[in-house]
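Topology and contacts: notes
Here's the letter readout for the chains.
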Amino acid sequence: METTNVKAYGTQAADAPLKQMNIERRDVTSKDIEIDILYCGVCHSDLHTARNDWGFTTYPAVPGHEIVGKVTKVGSEVTKIKVGDFAAVGCLVDSCRTCSSCEQDLEQYCLNGWVGTYNSEDKYLGGMTFGGYSEKVVVEEHFVLKVPSNLDLAATAPLLCAGITTWSPLRHWNVGKDSKVAVVGLGGLGHMAIKLAKGLGAEVTLFSRTPNKEKDARDLGADHVIISTDEGQMKSVSGKFDVIIDTVPYVHDVNPYLGTLTISGTLVVVGYLGGLDPILNTVPMIMGRKAVAGSLIGGIAETQEMLDFCGKHNIVSEIEVIKMQDINEAYERMIKSDVRYRFVIDMASLKKG
């Protein structure tokens, strides 16, 4: 297969910084779309992959799965997007298309294993897929998304992960105008959960450990802020919430939040992968038919639905734009939660570098 050499930023080892390298992109096949990447959001998953925090990174690794750019080439069978259009790519670039999950537009739960935008097996070129910290990307049409024309392109990028990660559970648990939703954690995921839940018409509450997030939360659309370390405030929302979106990315105690769920309410974990500590107390679950669930991004149709909704309601992420050359510093700042609320790389900096 013919390929093109492009600039990228990646790492050769868990303890090595990201630096400029060259990678190969396939030339477009009949069903492919080539995108000149304009912006790429920075996700916690990028950092975890670069540093092998999950134990399955294959090097070299080029992260980035919040991609927005301009279409430069299309294959002969492509119909939904044309050269010159703005397009996006999220966390998925392939799936089997035939299993029961894929048939339900749930490619993120592909029973035969979906292909991630980075660090997944590349069926075209061999090796592993490389992500959006690069000049260009080539993706099959089915996994390319249309960007509403009214949205700021840089601020749209995080919608491809942070946006869909919170949109999918909100939709699955039928959040709407009569819903009472709470969000745990005000970071990249949390701020999108507030915006999207509010856009859907819900009454939205932020759970925060300290009062210093209250102004930001209200500016983002939260109706209330509850300090989770304040016993009196927690009692005041006992049995209130239909859905709680838990975006905290590290091990934490979810038990205090179960008492704030209404009968048949659900707490959805979207930020943390791993065992709970302290262990989950099932008593309030059984006594109130309450559930603790998990949710992973969304399928392609649902992601397009989310983008269209954001276009209609003018919802984008709160971002700080950085140069590609500043990614290692951005990772360190992200660990310290020193970003409001998502870094986005201006990829023009890579092309000039």
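Report on the accompanying structure. (Residues numbered from 1 in each chain as written. Predicted model: local features only at pLDDT ≥ 70, side-chain atom pairs only at ≥ 80, totals over all residues. Heavy atoms only, no water.)

Rolled over the atoms, a probe with the dimensions of a water molecule shows which regions are left empty. Within this model, the second largest pocket holds a volume of roughly 330 Å³. Surrounding the second largest pocket, 21 residues form its lining, R26, D122, Y124, T129 and V138 being those nearest its centre. The biggest single contributor to the lining of the second largest pocket is strand β8 (residues 136–140), with 4 residues. Across the lining of the second largest pocket, the residue classes break down as 9 nonpolar, 4 polar and 8 charged. (1 Å grid on protein atoms, 1.4 Å probe; cavity = no way out; pocket = protein on both sides within 12 Å on 5 of 7 lines; lining within 4 Å. Points joined across faces, edges and corners; volume = space filled by probe spheres on them. Helix = DSSP H or I, 4+ residues; strand = E, 2+ residues; numbered from the N terminus. Nonpolar A, V, L, I, M, F, W, Y, C, P; charged D, E, K, R; others polar.)

Applying the stated criterion across every chain, the model contains 1 cavity of 30 Å³ or more. Put simply, the largest cavity is a space of about 60 Å³. What lines the largest cavity is G90, C91, L92, F143, L145, L160, I164, I297, G298, I300 and T303. Partitioning the lining of the largest cavity into residue classes produces 8 nonpolar, 3 polar and no charged.

This part covers the pairing of strand β16 (residues 319–323). Looking at chain direction, β16 and strand β17 (residues 342–346) are connected through 5 bridges and run parallel. Its bridge partner lying in β17, I319 is registered against R342. A crossover links β16 with its parallel partner β17, the connecting element being helix α11 (residues 327–335), and its sense is right-handed. (Pairing = 2+ DSSP bridges. Right-handed = clockwise from strand over helix to strand, strands pointing away.)

Right, let's talk about helix α4 (residues 162–172) for a bit. In terms of burial, α4 is a largely internal element, 9 of the 11 residues being buried. A162, G163, I164, T165, T166, W167, S168, P169 and L170 are the residues of α4 that are buried. Against the buried residues of α4 lie β10 (180–184), α5 (188–199), β13 (241–246), β14 (261–269), α10 (300–313) and β17. Of the residues one or two after α4, N174 is the one with positive phi, at around 55 degrees. (Buried < 20%, exposed > 50% of the residue type's maximum accessible area, 1.4 Å probe, protein only. Contact = heavy atoms within 4.5 Å.)

If you walk across this open sheet you meet the 6 strands as β12-β11-β10-β13-β14-β15, and the pairing is parallel. The two strands at the open ends of the sheet, each matched to only one other strand, are β12 (224–227) and β15 (291–294). Mean inter-strand twist for the sheet, computed between neighbouring axes without regard to direction, equals 25 degrees. Across 5 bridges, β13 lies against β14 in parallel orientation. Directly across from I244, in β14, lies its bridge partner L267. (Axes fitted to C-alpha atoms, helices over the stretch in contact; angles between N-to-C directions.)

This part covers the state of the cysteines. Here the structure, examined in full by the defined rule, presents 0 disulfides. C99 takes part in no disulfide bond, and the closest cysteine sulfur, belonging to C96, lies 3.6 Å away. (Disulfide = S-S within 2.5 Å.)

This brings us to the nonpolar core. Counting residues in each nonpolar core, the largest one holds 91 residues, and the members touching the most others are Y133, I194, I327 and Y331. The element contributing the most residues to this core is α5, with 6 residues. Formed by 16 residues, the second largest nonpolar core is a distinct cluster that contains V184, F207, V237 and Y272. (Core = buried A, V, L, I, M, F, W, Y, C linked by side-chain atoms within 4.5 Å.)

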